[in-house]
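Survey of secondary and tertiary structure
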Amino acid sequence: MAAERQVVGSGGGRGGGGGAGGSAAGPEENKENEKPKAGGLGDSLGLEILQIVKESQQQHGLRHGDFQRYRGYCSRRLRRLRKTLNFKMGNRHKFTGKKVTEDLLSDNRYLLLILMDAERAWSYAMQLKQEANTEPRKRFHLLSRLRKAVKHAEELERLCESNRVDAKTKLEAQAYTAYLTGMLRFEYQEWKAAMEAFNKCKTIYEKLASAFTEEQAVLYNQRVEEISPNIRYCAYNIGDQSAISELMQMRLRSGGTEGLLAEKLEALITQTRAKQAATMSEVEWRGRIVPVKIDKVRIFLLGLADTEAAIAQAEEEETKERLFESLLSECRDAIQAVREELKPDQKQRDHSLEADSGKVSNIQYLHSYLTYIKLSTAIKRNESMAKALQKALLQQQQPPEEDGKRTPRPQDLIRLYDIILQNLADLPQLPGLEEDKSFLKEIGIKTLVYKAYRCFFIAQSYVLVKKWSEALVLYDRVLKYANEVQAEAGTYKNSLKELPDVQELITQVNAEKYSLQAAAILDAGDTPEVESPSQVKDGKPLSERLETFCLDSSLVSKQASLVHFPPEFQPIPCKPLFFDLALNHVTFPPLEDKVEQKAKSGLTGYIKGIFGFRS
């Protein structure tokens, strides 16, 4: 029942839901009991509104999008504040409403009380927004809670206009009210009013950020970045068509927008691309024009250039990886849509293949084009990961290895280049490209480039284990591949610009060869140290040399030589055997006179035996 009272009571004006969490809130209750820094009436009160809001949200559920947990926290904190300030709303039998007035502003916790009221109403509204996807009727309750949050924010702003409150708190209260007002108008789809409120909020936070140090300005700048997509979305709905491109770039750079704008922005981008796709009817690839009739493929091809541009502009490897995964996912969906069109059209494709003398159908060629995009994107992603690993290998010796963090090795790069070579091997097998000699030549040159890099890192892995001859042979193989690339890449330089620089690899290999030869000479010239008698092992197990001290590292290993096992055979005295041989030489006395002779019986004895006369 306590848990039920917490959920039901946490959305209203009372703090009755805090009873469930009162026992577990020891440190938080101590925080509420602390006296504020600004004490008397003559001192100005201050409240770090944005900092308190952000810290509370991150520590109590919003890091994982759990608005219900944050709402319960706000209810419990309200209850503790009212108890500490003796500002109770009646008792358990009767509710008596109270309002915070200017006369009570002797403690900044009264301002915090109203701030928590607004945060509780806002978190309940965001919880209802998540639930409204499946239950549309909850949208009315959502708007009601947002209006309640704006009402509490306006009350906070009115109280902060008092002379007892410092200027920074006044500005933060105005920005907080403008932010919640903008969110309410955004839900009502009143774009102009929402944009005005968001712009006011953005202006105040930008001024506050410029007035303080960089450490203090981080929170304000983060809030400005959060509301910038909302402003651009409002501008687009008002009529600014240029805002959609900025929204797409914001979404791509961040890897997806969160919060209020997420679903609306995704729907807007899909709708805009769908409109553009209506005018797209064909695509040209390798000199052949292919009609595009599938809407999902049109939308993917239209967003391809934007995603590739965002990948090129991304600086962090994590952002690039996220964009690559998003692009590959969309490409797989487009390929699946084409496959579904290929299945019912199998007979027609076979007929067109025969009629065109080996030329594949348009839908099959479109499938080959999308597969080429998927494989090329996978190659670029693995190449990007390989570059990041190369940087980590170069910096490996400088910083110490962190605990629990795996150190990159050349074997990791070999695996990536194996995948790249496998993707390149799949490209010439695409239908419609078997006779394209230029394409096959280009793929062959790319294969040589990546083979050279793969051999280079295999050689480096041999260097680590001091296999000098194997590494030297592989370095020669790298130079062979690199020279072949330089000899054959004359007419394909424009199409091979994105490949790694072969000349740089040749320079690096030559340097590594000289270094390897020097290391091999030094390693061959090293004479092994003569072990002292106390370190010489004679091969005896420990049980046979207990009286002699000997440094034997094998004793602490899993193959310690303690005793001979199985033990050797040793001669032992045998157990005597007793044989009774005297019996053969003993002459026994005759016993004929002692043995009773059996009487001879004939027919008479037989008859007597029948009739019972035998004695």
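Computed from a predicted structure; not experimentally measured.

Quick notes on the rules
Residues numbered from 1 in each chain as written. Predicted model: local features only at pLDDT ≥ 70, side-chain atom pairs only at ≥ 80, totals over all residues. Heavy atoms only, no water. Helix = DSSP H or I, 4+ residues; strand = E, 2+ residues; numbered from the N terminus. Buried < 20%, exposed > 50% of the residue type's maximum accessible area, 1.4 Å probe, protein only. Contact = heavy atoms within 4.5 Å. Areas by Shrake-Rupley, 256 points an atom, 1.4 Å probe, with all protein chains shown as cover. Pairing = 2+ DSSP bridges. Core = buried A, V, L, I, M, F, W, Y, C linked by side-chain atoms within 4.5 Å. Axes fitted to C-alpha atoms, helices over the stretch in contact; angles between N-to-C directions. Parallel < 35°, antiparallel > 145°, perpendicular 65-115°, else oblique. Left-handed = near helix turned anticlockwise from the far one by under 90°. Patch = residues over 30% accessible without salt bridge, like charges linked within 9 Å, V, L, I, M, F, W, Y side chains within 5 Å. Salt bridge = Lys/Arg side-chain N within 4 Å of Asp/Glu carboxyl O. Phe/Tyr/Trp six-rings, centres within 6.5 Å; stacked < 30°, edge-to-face > 60°. Expected span 1.5 Å × (residues − 1). pLDDT = per-residue confidence, 0-100. Nonpolar A, V, L, I, M, F, W, Y, C, P; charged D, E, K, R; others polar. Bend = angle between axes of the 7 residues up to and from the residue.

1. As for the overall build of the protein
Counting its regular elements, the protein contains 20 helices and two strands. Within the protein, buried positions represent 41% of all 615 residues. Considering only residue pairs separated by 6 or more positions, the protein has 67% of its internal contacts joining residues 24 or more positions apart. Only carbon and sulfur atoms are counted for the fraction: they give 52% of the accessible area of the protein, which is about 38200 Å².

2. Section: the pairing of strand 1 (residues 282-285)
Residues V283 and W285 of strand 1 are buried on one face, while the alternating residues E282 and E284, pointing to the opposite face, are not. When strand 1 meets strand 2 (residues 288-291), the two strands line up antiparallel, connected through four bridges. Across the sheet, E284 pairs through a bridge with I289, a residue of strand 2. Adjacent in sequence and paired antiparallel, strand 1 and strand 2 are bridged by two residues, among which R286 carries a positive phi angle near 50°.

3. Observations concerning the nonpolar core
Ranked by size, the top nonpolar core spans 71 residues in total, and within it V297, F300, L301, L366, L370 and L427 carry the most contacts. Mapped onto this core, the elements with two or more residues apiece are strand 1, helix 12 (295-313), helix 13 (317-342), helix 15 (362-394), helix 16 (410-426), helix 17 (437-464), helix 18 (468-488) and helix 19 (502-525). For this core, the element with the highest residue contribution is helix 17, accounting for 13 residues. Not counting residues up to four positions away in its chain, the partners in contact with V297 are V292, A334, V338, L366 and L370.

4. Focus: the packing of helix 8 (residues 191-211) against helix 9 (residues 214-238)
Running from N to C, helix 8 and helix 9 point in directions that differ by 155°, and their axes come no closer than 9 Å. Between helix 8 and helix 9, the interaxial angle falls into the category roughly antiparallel. Along this stretch, helix 8 crosses helix 9, giving a crossing that reads as left-handed.

5. Some points on a nonpolar patch on the surface
On the surface, L562, V563 and F565 cluster together to form a nonpolar patch covering roughly 360 Å² of accessible area. Positionally, L562 belongs in the loop between helix 19 and helix 20 (603-611). A relative accessible area of 43% places L562 in the partly exposed class.

6. Some words on the packing of aromatic side chains
Using the criterion set out here, one finds 19 aromatic pairs in the structure. Between F186 and Y233, the ring centres sit 5.6 Å apart and the planes meet at 35°, which makes this aromatic pair tilted. On the criterion of sequence distance, the pair formed by F186 in helix 7 (residues 167-187) and Y233 in helix 9 is long-range, its members being 47 residues apart. Judged on exposure class, the residue F186 and its partner Y233 are both buried.

7. Some points on helix 5 (residues 109-131)
In this model, helix 5 (23 residues) spans 33 Å end to end at C-alpha, consistent with the 33 Å of a helix rising 1.5 Å per residue. Among the 23 residues of helix 5, 21 are classified as buried, and the element is accordingly described as predominantly covered.

8. Topic: the confidence of the model for the protein
Confidence in the prediction of the protein, expressed as mean pLDDT, is 78, and 75% of residues score 70 or more. By mean pLDDT, the top-scoring element of the protein is helix 6 (residues 138-160) (93), and the lowest-scoring one is helix 1 (residues 2-9) (37). Every residue in residues 255-261 scores below 50 in pLDDT, and together they form 15 contacts with partners more than four places removed in sequence or on other chains. Confidence over residues 353-357 falls short of pLDDT 50; this stretch has three contacts with residues more than four positions distant or in other chains.

9. Focus: the side chain of S162
Its place among the elements puts S162 in the loop between helix 6 and helix 7. What makes S162 buried here is its relative accessible area of 5%. With sequence-adjacent residues up to four places away left out, S162 is seen in contact with E102, L105 and K170.

10. Brief notes about the packing of helix 17 against helix 18
Following both chains from N to C, one finds helix 17 and helix 18 inclined at 160°, their axes separated by 8 Å at the closest point. It follows that helix 17 is roughly antiparallel to helix 18 by the angle criterion. As helix 17 runs across helix 18, the sense of the crossing is left-handed. Residues that form the contact of helix 17 with helix 18 fall into these classes: 17 nonpolar, one polar and six charged.

11. What to know about the environment of K151
As for its position among the elements, K151 is in helix 6. On the basis of relative accessibility, which here comes to 53%, the residue K151 falls in the exposed class.

12. Topic: helix 12
The end-to-end C-alpha distance of helix 12, which contains 19 residues, comes to 28 Å, matching closely the 27 Å that a straight helix rising 1.5 Å per residue would cover. Of all bends in helix 12, the biggest is about 35°, found at L304. Buried within helix 12 we find V297, R298, F300, L301, G303, L304, T307, A310 and I311.

13. Notes on unusual backbone geometry
A cis amide bond, omega -5°, links F565 with the succeeding residue P566. As for its placement among the helices and strands, P566 is situated in the loop between helix 19 and helix 20. Backbone geometry places Q189, a non-glycine residue, at a positive phi of 60°. On the basis of relative accessibility, which here comes to 46%, the residue Q189 falls in the partly exposed class. The phi torsion at R286 lies on the positive side, around 50°, for a residue other than glycine.

14. Points about the pattern of salt bridges
Scanning the model with the defined rule gives 18 salt bridges in all. With its nearest N and O atoms 3.7 Å apart, the salt bridge here joins D295 to R298. In this pair, D295 and R298 both sit in helix 12, three residues apart, roughly one turn of the helix. By relative accessible area, R298 is classed as buried at 14%. Of the charged contacts in the structure, one is a salt bridge between K513 and D476, with a shortest N-O distance of 3.0 Å. With K513 in helix 19 and D476 in helix 18, this residue pair connects regions lying 37 residues apart in the sequence. Via salt bridges that share partners, K54, R223 and E226 belong to a single interconnected network.

15. Here's the deal with the environment of Y124
For Y124, the location among the structural elements is in helix 5. Note on Y124: relative accessible area 15%, which makes it buried. Along the backbone, Y124 and R145 are 21 residues apart, and their C-alpha atoms lie at a distance of 6.8 Å.

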